[in-house]
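Coordinate inspection notes
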Amino acid sequence: MHWKLFATLAEIAGEREVDVEVEPDANLDDALAALFDRYPSLEDEITEDGKIRDHIRLLRNGEDPFVAGDGLDTDLDTDDELAAFPPVSGG
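Residues numbered from 1 in each chain as written. Predicted model: local features only at pLDDT ≥ 70, side-chain atom pairs only at ≥ 80, totals over all residues. Heavy atoms only, no water.

1. Some words on a negative patch on the surface
Note the cut-off: Each patch is assembled from residues with relative accessible area greater than 30% and no salt bridge, linking like charges that lie within 9 Å and nonpolar side chains (Val, Leu, Ile, Met, Phe, Trp, Tyr) that lie within 5 Å. For every accessible area listed, the method is Shrake-Rupley and the probe measures 1.4 Å; residues are considered covered only by the protein chains on display. By definition, a salt bridge exists where a carboxyl oxygen of Asp or Glu is found within 4 Å of a side-chain nitrogen of Lys or Arg. In this charge count, Lys and Arg are treated as positive and Asp and Glu as negative; neither His nor the chain ends contribute. By convention, the charge on Lys lies at NZ, on Arg at CZ, on Asp at CG and on Glu at CD. Here a helix means four or more residues in a row that DSSP labels H or I, a strand means two or more in a row labelled E, and each is numbered from the N terminus. Note on classification: 1.4 Å probe, protein chains only; a residue is buried when its accessible area is under 20% of the maximum for its type, exposed when over 50%, partly exposed between these limits.
Residues Glu23, Asp25, Asp29, Asp30, Asp70, Asp73 and Asp75 make up a contiguous surface patch of negative charge. Within the secondary structure, glutamate 23 is located in the loop between β2 (17–19) and α2 (28–38). Overall, glutamate 23 belongs to the exposed group, its relative accessible area being 58%.

2. Some remarks on unusual backbone geometry
One non-glycine residue, alanine 7, lies in positive phi territory at about 50°. With respect to the secondary-structure elements, alanine 7 resides in the loop between β1 (2–5) and α1 (8–13). A positive phi angle is found at aspartate 49, which is not glycine, with a value near 55°. Looking at the element boundaries, aspartate 49 is found in the loop between β3 (47–48) and β4 (51–52). Relative accessible area serves as the criterion here: at 76%, aspartate 49 is assigned to the exposed category.

3. Overview of the sheet that holds β2
Spelled out, the test is: Note on pairing: two strands pair once DSSP finds at least 2 bridges between them. Helix axes use the C-alpha atoms of the stretch in contact, all axes being lines fitted to C-alpha atoms, and the angles between their N-to-C directions lie in the range 0 to 180 degrees. Residues count as neighbours in contact if any of their non-hydrogen atoms are within 4.5 Å of one another.
Here we have 4 strands laid out as an open sheet, ordered β2-β1-β6-β5, and mixed in their pairing. Among the strands making up the open sheet, the edge pair consists of β2 and β5 (57–60). On average, each strand axis in the sheet is inclined to that of its neighbour by 20°, with strand direction left out of account. With 4 bridges joining them, β5 and strand β6 (residues 81–85) adopt antiparallel strand pairing. Each residue of the ladder has a partner; that of arginine 60, found in β6, is leucine 82. The strands touched by α2 are β1, β2, β5 and β6; relative to β1, the strand with the most contacts, the crossing angle is about 65°.

This is the structure we're talking about:
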């Protein structure tokens, strides 16, 4: 599974793109757990009390899985691209 990380999340991981291993019938929660296994320091940045922090956005193939899917229970395909965004500002 391929993750793209942005801003501070990429800085914490030390890379912007990460591949993680998940089972063929994985869901978003599984892919997130695999990301945390590889980069444990990301877990506190992305979750709080087992839930996605309000200011963090996750995308699956450019769509919000909490709007266009089943949230963390969203089933994934092996060629899906996942992304994690912290709050960003700029002008």
